[in-house]
Amino acid sequence: MDEAQFERPNRPKNCGTAGDSKANKATVFIAEVRKDEPLVTERELWSYYLYYNGDNGSGPYIYTRTLFQNIATAAGYDPVSGPGSSCLADTASGQCVLPWMGGIKSVSSIILIANGVSFAIMTVLFTSLSSACDYGTFGRWLLFVVTTICWASQYACLSLTSPDRWKLAMVLYIIGYVTFGATMSFYAAVFPRLARNTPRTCKLRGKYEDGEISLEEYELEESMEKNRISNISLAHNTVGWVVTFALNLALLTAPKTANDPKVQTYTVAMDNSYWVLLGVWWFIFQLPRPGPPLPKGEHYLTVGWKQVWEALKTYKQLPYTFVYLIALFLLADGFNTTVTLIAICQNDKFHFSFLEQTYLGLTAGITSIIGALGLWYIQRHWKISTKKMFSINIIMMALLPLWGMIGIWTDKFGFHNAWEFWAYNVVIGLFQIPYSSYSQTMMAELSPPGFDNMFFGLFGLSSHASSLIGSYVIQAIIDKTNNNWQGFPFLFAMCTSASLVIWFGVDVTKGRRDAVRWAMAQRGG
């Protein structure tokens, strides 16, 4: 890329790094900004927040999975009573199986397999295409395509009207889950560039280059700006969650629809419509910040693998970035599988009730808003680092599988009682959204500037597509023991070990500076 692209222009509506700045020549510790990158406007920033508001996961992440499990359970039979029996009968043993590849498999295992397949597809998708998003406008169009596919899959759930369509339910769940994960990953990759181009960041950059503030002051304030956008966007995500669940509650309790057998599919369609209404504005108001042109001889489908391979070969130059990605892979694998396993137990406890799911979802959503804004206020007031805030959240997340382990030895605790699932949704609400926010802000801190999509693709692989290990191990344990709770010890070990690696093995300050050096070396600067 030509160095002239990084010179500071004398235009107030753009934010760039001064190519002839003394401060800039003296140090390479801060990210450069292309001269043609426009300042972030309020309209653009609000459209970014609104997309996150709509893309809250209530449909593809919660209701579609419940719908899939419900239809699969209705289609299955009790292995104790034999084929032809019902898993929903009052005399059922609590076990439920379906024909699977010449044999039988429990419904819980099939759901975990669907998760594993989803994560495998996301692995290929993120690895193949994420790096390509750093070139030209490919990332902008890819986000539009995966968003549209996700919207289509959610509307297609209207066809899930009978138990014999459980295989179609599985396919639609996988498509929706994969594309939802892709939207979260590719959309998250946008925010570091937004944070580098806000008026406040540009003003701070000018002060640093003029010698008015130190490097440490600049890094702290830029980090706070990243945290501000990340926390507010994810707070919007939880607001959207609460709004959609409130709308669902109205639909599920209305006299005309409450007893309609298709009300579950109507719920998925309504949540999707909410996302369409709020999400479309980002594709209209996003300002152009294209990357460099694709190198000659390269193709969008192959350049990703080549760049990831090149990045992996230089891992010694980015030790903290790659340690974080590996540890996050294990942490998110354990956490994502824990959430899925608890959801299976919760659905069984409440008999797949969309109404109970909605009440629990509202509880999680309201506490999420409190958690996101409350922890952001604490961080901003006391200037607490991103890593320390993230560590608080991962400790709380690691306690969930520990609590589930208790359920192996007693029915009094360990996700056997209704009140435990209410408490779980409070805890998950208070800490899951901040967990997501701080994990992606950590990634933004450790990503080489200008290569955001490539490293956020790896981040997506580590966070959204990371249940490859947990899902398959846990379904094997459940198949062997016929006990969902036997999976929690393995998940607790995964979460705890990964948390210790992040705490003791990742230096964010050194990692941030290594990332800037690496980016400049790649540009030939």
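Note that the coordinates shown come from a computational prediction; the quantities given were computed from them, not determined experimentally. (Residues numbered from 1 in each chain as written. Predicted model: local features only at pLDDT ≥ 70, side-chain atom pairs only at ≥ 80, totals over all residues. Heavy atoms only, no water.)

Peer 1: Help me get a handle on the state of the cysteines, residues and values and all.
Peer 2: Scanning all chains against the criterion turns up 1 disulfide. For the unlinked cysteine Cys-133, the closest cysteine sulfur is that of Cys-150, found at 16 Å. Overall, Cys-133 belongs to the buried group, its relative accessible area being 6%. Not engaged in a disulfide, the cysteine Cys-157 finds its nearest cysteine sulfur in Cys-150; these two sulfurs lie 9.5 Å apart. (Disulfide = S-S within 2.5 Å. Buried < 20%, exposed > 50% of the residue type's maximum accessible area, 1.4 Å probe, protein only.)

Peer 1: Provide a residue-level description of helix α12 (residues 319–349), including the pertinent values.
Peer 2: In this model, α12 (31 residues) spans 45 Å end to end at C-alpha, consistent with the 45 Å of a helix rising 1.5 Å per residue. Most of α12 sits inside the fold, with 23 of its 31 residues counted as buried. One or two residues past the end of α12 sits His-351, with phi positive at roughly 55°. (Helix = DSSP H or I, 4+ residues; strand = E, 2+ residues; numbered from the N terminus. Expected span 1.5 Å × (residues − 1).)

Peer 1: Talk me through the confidence of the model for the protein; I want residue IDs and the actual numbers.
Peer 2: In the predicted model, the protein carries a mean pLDDT of 87, and the fraction of residues at 70 or more is 92%. Segment residues 1–12 is flagged for pLDDT under 50; beyond a separation of four residues in sequence, or across chains, it makes 32 contacts in the model. Taken as a whole, residues 18–30 scores under 50 in pLDDT and shows 27 contacts with residues more than four places along the chain or in a different chain. (pLDDT = per-residue confidence, 0-100. Contact = heavy atoms within 4.5 Å.)

Peer 1: A description of the nonpolar core should follow, citing residues and the corresponding values.
Peer 2: Core analysis: the biggest nonpolar cluster contains 133 residues, and Tyr-48, Phe-68, Tyr-324, Phe-390 and Phe-455 have the highest contact counts within it. Sort the elements by how many residues they give to this core and helix α6 (residues 166–188) lands first, with 14 residues. The next biggest cluster of nonpolar side chains, apart from the first, holds 5 residues, and it includes Leu-204, Tyr-208, Ile-213 and Tyr-218. (Core = buried A, V, L, I, M, F, W, Y, C linked by side-chain atoms within 4.5 Å.)

Peer 1: Go over the packing of helix α4 (residues 107–129) against helix α16 (residues 452–463), please, and point to the residues and values.
Peer 2: Where α4 contacts α16, the axes come no closer than 8 Å and their chain directions differ by 170°. The orientation of α4 relative to α16 falls into the category roughly antiparallel. For the pair α4 and α16, the contacting residues are Thr-123, Phe-126 and Thr-127 in the first and Gly-457, Gly-460 and Leu-461 in the second. By residue class, the composition of the contact of α4 with α16 is 2 nonpolar, 4 polar and no charged. (Axes fitted to C-alpha atoms, helices over the stretch in contact; angles between N-to-C directions. Parallel < 35°, antiparallel > 145°, perpendicular 65-115°, else oblique. Nonpolar A, V, L, I, M, F, W, Y, C, P; charged D, E, K, R; others polar.)

Peer 1: Let's hear about the environment of Lys-262: which residues, and what values?
Peer 2: Inspection of the secondary structure puts Lys-262 in the loop between α9 (215–253) and α10 (263–285). Classification of Lys-262 as partly exposed rests on a relative accessible area of 40%.

Peer 1: Summarise the environment of Ala-169; cite the residues concerned and give the values.
Peer 2: Following the sequence through the fold, Ala-169 ends up in helix α6. Placed 12 residues apart in sequence, Ala-169 and Cys-157 show a C-alpha to C-alpha distance of 7.4 Å. Contact partners of Ala-169, with chain neighbours within four places excluded, come to Phe-68, Ile-71 and Leu-160.

Peer 1: Please provide a residue-by-residue account of the packing of aromatic side chains, values included.
Peer 2: Scanning the entire structure with this criterion turns up 39 aromatic pairs. Centroid distance Tyr-324 to Phe-390: 6.3 Å. Interplanar angle 70°. Geometry classified as edge-to-face. Taken as a pair, Tyr-324 in helix α12 and Phe-390 in helix α14 (residues 386–406) lie far apart in primary sequence, 66 residues in all. Each member of the pair Tyr-324 and Phe-390 is classed as buried. Here Phe-350 and Phe-421 contribute two aromatic rings whose centre-to-centre distance is 6.1 Å and whose plane-to-plane angle is 70°, an arrangement assigned as edge-to-face. Note that Phe-350 is positioned in the loop between α12 and α13 (354–382) and Phe-421 in helix α15 (residues 418–446), a separation of 71 residues in sequence. Phe-421 gets classed as buried once you look at its relative accessible area, which sits at 1%. The structure contains a cluster of three or more aromatic residues connected by ring pairs, namely Trp-46, Tyr-48, Tyr-49, Tyr-51, Tyr-52, Trp-141, Phe-144, Trp-151, Tyr-187, Trp-275, Trp-282 and Phe-283. (Phe/Tyr/Trp six-rings, centres within 6.5 Å; stacked < 30°, edge-to-face > 60°.)

Peer 1: Can you tell me about the layout of surface pockets, naming the residues and giving the values?
Peer 2: Within this model, the largest pocket holds a volume of roughly 870 Å³. Lining the largest pocket are 33 residues, and of these Ser-93, Gly-94, Gln-95, Cys-96 and Asp-348 sit closest to its centre. Those elements that provide at least two residues to the lining of the largest pocket are α3 (58–75), β2 (103–106), α4, α12 and α17 (468–481). A per-class count over the lining of the largest pocket returns 15 nonpolar, 13 polar and 5 charged. (1 Å grid on protein atoms, 1.4 Å probe; cavity = no way out; pocket = protein on both sides within 12 Å on 5 of 7 lines; lining within 4 Å. Points joined across faces, edges and corners; volume = space filled by probe spheres on them.)

Peer 1: Outline the pattern of salt bridges, listing residues and values.
Peer 2: Applying the stated criterion across every chain, the model contains 14 salt bridges. Taking the shortest distance from any N to any O, the salt bridge between Arg-200 and Glu-221 comes out at 2.7 Å. Taken as a pair, Arg-200 in helix α8 (residues 199–209) and Glu-221 in helix α9 lie far apart in primary sequence, 21 residues in all. Under the relative-accessibility criterion, Glu-221 is labelled buried at 16%. With a shortest N-O distance of 3.5 Å, Glu-216 and Arg-513 are connected by a salt bridge. In this pair, Glu-216 sits in helix α9 while Arg-513 sits in helix α19 (residues 508–523), placing the two residues 297 residues apart along the sequence. (Salt bridge = Lys/Arg side-chain N within 4 Å of Asp/Glu carboxyl O.)

Peer 1: How would you summarise α13 if you had to cite specific residues and measurements?
Peer 2: Spacing of three or four residues puts side chains on the same side of an α-helix, whose turn is 3.6 residues. Compared with the 42 Å implied by 1.5 Å per residue over 29 residues, the 41 Å span of α13 between its first and last C-alpha is a close match. N-capping of α13 is provided by Ser-353, with a side-chain oxygen placed 3.3 Å from the backbone N of Leu-355. (Polar contact = N/O pair within 3.5 Å; in protein donor to acceptor, adjacent residues only side chain to side chain.)

Peer 1: I'd like to hear about empty space enclosed by the protein, residue by residue, with values.
Peer 2: One pass over the full model with this rule turns up 5 cavities of 30 Å³ or more. Counted as a void, the largest cavity has a volume near 830 Å³. Tyr-61, Phe-180, Trp-241, Gln-432 and Ser-436 are, among the 46 residues lining the largest cavity, the residues nearest its centre. Of all elements in the fold, only α3, α4, α6, α9, α12, α13, α15 and α16 reach the threshold of two or more residues within the lining of the largest cavity. Element by element, the count of residues in the lining of the largest cavity is highest for α15, at 10 residues. When the residues that make up the lining of the largest cavity are grouped by side-chain class, the tally is 24 nonpolar, 21 polar and 1 charged. Its volume calculated, the second largest cavity comes out at about 350 Å³. In terms of lining, the second largest cavity is formed by 21 residues, of which the most central are Arg-140, Arg-193, Gln-286, Arg-289 and Asn-453. Mapped onto the lining of the second largest cavity, the elements with two or more residues apiece are α5 (138–156) and α16. Counting residues per element, the lining of the second largest cavity draws most heavily on α5, which supplies 4 residues. Split by residue class, the lining of the second largest cavity holds 10 nonpolar, 6 polar and 5 charged.

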